[in-house]
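Listed here are the chains, written in short residue letters.
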Amino acid sequence: MKKVKALGSLGTESGSGEGSIAWGISLLLKEGNLTRLKGLAGVVGKREGFMDLQLEVPVRKRIVEVLEGEGGKGLEGVGGEEGRKLELLDAYYELGYTNYFADNKSEAVFYCNQAKEGYEKIQGPNSEKGLKAEMRLIAATQMSK
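Keep in mind it's a predicted model, so treat the numbers as computed, not measured.

**As for helix H2 (residues 21–31)**
Here is step 1: All of the buried residues in H2 are Gly24, Ile25 and Leu28. Projected down its long axis, H2 shows its buried positions confined to an angular sector of 100°, all on one face.
Here is step 2: Just past H2, the residue glycine 32 takes up positive phi, approximately 75°.

**A word on the side chain of arginine 60**
Here is step 1: Note on placement: arginine 60 falls in helix H4 (residues 53–71).
Here is step 2: Residue classification places arginine 60 among the buried positions, given a relative accessible area of 16%.
Here is step 3: Look past the residues within four positions of arginine 60 in its chain and what remains in contact with it is Ala41, Lys46, Glu94, Leu95 and Thr98.

**What to know about the pattern of salt bridges**
Here is step 1: Within this structure, the stated rule accounts for 10 salt bridges.
Here is step 2: Glutamate 94 is paired through a salt bridge with lysine 46; the nearest N and O atoms lie 3.7 Å apart. You can see glutamate 94 sitting in helix H5 (residues 82–101) and its partner lysine 46 sitting in the loop between helix H3 (34–44) and H4, a full 48 residues away along the chain. Each member of the pair, glutamate 94 as well as lysine 46, is classed as buried.
Here is step 3: Of the charged contacts in the structure, one is a salt bridge between glutamate 94 and arginine 60, with a shortest N-O distance of 4.0 Å. With glutamate 94 in helix H5 and arginine 60 in helix H4, the pair connects residues that are 34 residues apart, well separated along the chain. For the pair shown, glutamate 94 and arginine 60 are each scored as buried.
Here is step 4: Via salt bridges that share partners, Lys46, Glu56, Arg60 and Glu94 belong to a single interconnected network.

**Re the nonpolar core**
In globular proteins that are soluble, nonpolar side chains generally tend to be buried together.
Here is step 1: Ranked by size, the top nonpolar core spans 26 residues in total, and within it Val59, Ile63, Tyr92 and Tyr119 carry the most contacts.
Here is step 2: Taken together, the elements giving at least two residues each to this core come down to H2, H3, H4, H5 and helix H6 (105–123).
Here is step 3: If you tally residues by element for this core, the top one is H5, at eight residues.

Reading the values: rules and limits
Residues numbered from 1 in each chain as written. Predicted model: local features only at pLDDT ≥ 70, side-chain atom pairs only at ≥ 80, totals over all residues. Heavy atoms only, no water. Buried < 20%, exposed > 50% of the residue type's maximum accessible area, 1.4 Å probe, protein only. Helix = DSSP H or I, 4+ residues; strand = E, 2+ residues; numbered from the N terminus. Arc of directions from axis to C-beta. Contact = heavy atoms within 4.5 Å. Salt bridge = Lys/Arg side-chain N within 4 Å of Asp/Glu carboxyl O. Core = buried A, V, L, I, M, F, W, Y, C linked by side-chain atoms within 4.5 Å.

Bear in mind that shape data such as this cannot, by itself, settle questions of function.
Okay, here's the thing in structure tokens:
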């Protein structure tokens, strides 16, 4: 319920015109409000949501873009405190994980690798998050073989 409340109003009309849910989601993606984006990812996501991967992938990608814009791009430029770095690495992992389920191999490999390398750099090579990212990375590299 917290995720739904974080979303706020996305519209009430069907279709794609002004006032529609599709229009509201489009505006949300453009505005880049992290709280609302994370709420939307939870609602449409593969874990506790509707499993709408066609919507979850762009939402997760937008979350990464917003976080990179706030804290630097890539592993070397992730500025700020450790919590912000971990938030970005978590977003990389979630985007890689979502791309894995959406059968986007190259994107899954790229983002899972970003997460794995970052977790190892911050938390050490045997951190729980690093090992989870490594397992997903291995699975992604084995896709379609």
